[in-house]
Structure formats: C-alpha cells, structure tokens
Amino acid sequence: MKSFTRIWNNKPLRVIILIALVLRLVAVIFSQGYIVHDDHFNVIETAQAWVDGTTYENWLPDESGEVKAEPKGISFTYVGIHYMLFKGFEALGIMNASSKMLIIRFLHALFSLLVVNYAYRITHLISNKDLARYVGLLIATFWIIPFVSVHNMAEFFAVPFLMLA
C-alpha cells in the first residue's frame, strides 16, 4: 500500500492511464456488436464493402459516373482508415469479422488513452495536480467512456484531435 501511495503521489498519470487501459480492455472484450446505427453501418459496412469491391448503398459512382444515391454518414477519412485496416487484415489472412472487430476495438481503446492523457495534462496546466488527478480518474473510469471509446464512432475518434488543438 505504501508503494501504491508513493507511485500515486509521484506518477499519478501513469496510474490513471493504467486504470483507463484495464477498463478499456474489458470493454474491448465485452462490447461486441454495435451500439448505434452510424458506428457500424456508416463506417464498418462501407469500409468492408470497399474491400469487397462493392458500393455500399449505391452512393459511390458506377461505371458511367452516375451516383444513384446521396452519400450519408461521415468523413471519407475515418471510413478510409478502416478500409486500409481491413485491407491489411485480409492481406494477413484475418478474414473473420469477429477477429477484425476485436482488433479494431483494441486500436480504438489505445487511441482513446490520448483523451485521458490530454484531460489530465490540460487540467494540470490550468489548475493543479490534485484537480488533474480527479479529472483524469473521471475520464478514465466514467462508465460510458470506456464502453463508447472502443466503438467506431467518428464523434469520439475526433476527440483526441480536438483536445490536442
């Protein structure tokens, strides 16, 4: 216990990041499926359709250059990242959708740790170390954040970039 107190006092961000990582790893394992329409059908289905060489919901131009439907959803960048990941997975022989999604959730979990890091550092910069600890713990453990952070939601993928700015 004395060792934990010493680490907590000297390196609180490391403890907070470790707590956040453990909770996100639990979310990676137990958050299968999707939570809202756009985390799956506007990202995953579209990216996998591109890998398969099809046009999901007919909103990419056909051979004649005609678009049959209006695009909906989110930025090509986020879908494009998933497309490149799925292409890479298939090049490595990972064809199972469950395996692909487990890896995707794990990558999102790691990426979401940036939010915890930035929240702590920003609070420490504008306030003090004690308040930064509370904010860091809140961001690391608040019940919905670990769960949502491992899903394919462009709104949450943008948060580290917004906080960095």
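Use the structure listed above.
Notes on the structure in this doc start here. (Residues numbered from 1 in each chain as written. Predicted model: local features only at pLDDT ≥ 70, side-chain atom pairs only at ≥ 80, totals over all residues. Heavy atoms only, no water.)

**Description of the overall build of the protein**
Stated formally: By definition, any uninterrupted DSSP run of H or I lasting at least four residues is a helix, any uninterrupted run of E lasting at least two residues is a strand, and each is numbered from the N terminus. We call a residue buried when its accessible area falls under 20% of the maximum for its residue type, exposed when it is over 50%, and partly exposed in between, using a 1.4 Å probe and counting protein chains only. In what follows, residue pairs with any heavy atoms lying within 4.5 Å of each other are defined as contacts. Here the accessible surface of atoms and residues is derived via Shrake-Rupley with a 1.4 Å probe, and residues count as covered only by protein chains that are part of the display.
Tallying secondary structure elements over the protein gives ten helices and zero strands in all. The linear arrangement of helices and strands in the protein, starting from the amino end, is α-α-α-α-α-α-α-α-α-α. The buried share of the protein, reckoned over its 165 residues, is 35%. Long-range pairs, those at least 24 residues apart, make up 71% of the contacts in the protein with a sequence separation of at least 6. Accessible surface computed for the protein: about 10000 Å², of which carbon and sulfur atoms make up 67%.

**Thoughts on the pattern of salt bridges**
For side chains of opposite charge, pairing can occur when their charged atoms come near one another. Formally: Salt bridge, as applied in this entry: a Lys or Arg side-chain nitrogen positioned within 4 Å of an Asp or Glu carboxyl oxygen.
Inspection of every chain in the model, using the stated rule, returns two salt bridges. Its salt-bridge partner being E90, residue K100 comes within 2.7 Å of it at the nearest N-O pair. Of the two residues, K100 is situated in helix α6 (residues 97–126) and E90 in helix α5 (residues 76–91); the sequence distance between them amounts to ten residues. On the accessibility criterion, K100 (4% relative accessible area) is buried. Close ionic contact of R133 with D130 constitutes a salt bridge, the shortest N to O distance being 3.9 Å. Here R133 pairs with D130, and both are found in helix α7 (residues 129–141), just three residues apart, close to one helical turn.

**Observations regarding the layout of surface pockets**
The condition that has to hold: Buried and open spaces are told apart on a 1 Å grid over the protein atoms alone, a cavity being a set of points where a 1.4 Å probe fits but cannot get out and a pocket being an open set with protein on both sides within 12 Å along at least five of seven lines. Residues with an atom within 4 Å of a point are the lining residues. Grid points are joined across faces, edges and corners, and a volume is the space filled by probe spheres set on the points. Polarity classes work like this: nonpolar for Ala, Val, Leu, Ile, Met, Phe, Trp, Tyr, Cys and Pro, charged for Asp, Glu, Lys and Arg, and polar for all others, with Gly in that last group.
Roughly 330 Å³ of volume is contained in the largest pocket. What lines the largest pocket is a set of 19 residues, and nearest its centre among them are H40, I44, A97, S98 and M101. Among the secondary structure elements, those contributing two or more residues to the lining of the largest pocket are α3 (37–40), α4 (44–52) and α6. In terms of residue count, the dominant contributor to the lining of the largest pocket is α6 (six residues). Along the lines of polarity and charge, the residues of the lining of the largest pocket split into eight nonpolar, seven polar and four charged.

**Examining the nonpolar core**
The following threshold applies: Among buried residues, the Ala, Val, Leu, Ile, Met, Phe, Trp, Tyr and Cys ones that are joined through side-chain atoms within 4.5 Å form a nonpolar core.
Core analysis: the biggest nonpolar cluster contains 13 residues, and W8, I16, A20, V116, Y120, I139 and A140 have the highest contact counts within it. Elements represented by at least two residues in this core include exactly α2 (12–30), α6 and α7. Per-element tally for this core: the top contributor is α6, with five residues. Leaving out residues up to four positions away in the same chain, I16 has contacts with W8, V116, Y120, R133, G136, L137 and A140. Listed in part, the eleven residues of the second largest apolar core include V51, F89, M101 and I104.

**Description of the packing of helix α1 (residues 2–10) against α7**
Test applied: Here an angle of 0 to 180 degrees is reported between the N-to-C directions of two axes, which are lines fitted to C-alpha atoms, with helices fitted over the stretch in contact. Relative orientations are named as follows: roughly parallel for angles under 35 degrees, roughly antiparallel for angles over 145 degrees, roughly perpendicular for angles from 65 to 115 degrees, and oblique for any other angle.
Contact geometry of α1 with α7 gives a least axis separation of 11 Å together with a crossing angle of 105°. One finds that α1 runs roughly perpendicular with respect to α7. Of the residues in α7, those touching α1 at W8, N9 and N10 are K129, R133 and L137. Here the residues of the contact of α1 with α7 sort into two nonpolar, two polar and two charged.

**Some thoughts on the packing of aromatic side chains**
How we decide: Centres within 6.5 Å make a pair out of two Phe, Tyr or Trp rings, where for Trp the six-membered ring is used; the pair is then stacked when the planes are under 30 degrees apart, edge-to-face when over 60, and tilted otherwise. Two conditions define a charge sitting above a ring: the NZ of Lys or the CZ of Arg must be within 6 Å of the ring centre, and it must be within 35 degrees of the ring normal.
Taken as a whole and judged by the stated rule, the model has seven aromatic pairs. Arranged with centres 6.1 Å apart and planes meeting at 65°, the rings of W50 and Y83 form a pair that is edge-to-face. Of the two residues, W50 sits in helix α4 while Y83 sits in helix α5, which places them 33 residues apart along the sequence. Consider the rings of Y78 and F157, whose centres lie 4.7 Å apart with planes at 40°: the pair is tilted. Here F157 lies in helix α9 (residues 154–157) and Y78 lies in helix α5, a separation of 79 residues in the sequence. Between the NZ or CZ atom of K100 and the centre of the ring of F86, over which it lies, the distance is 5.5 Å.

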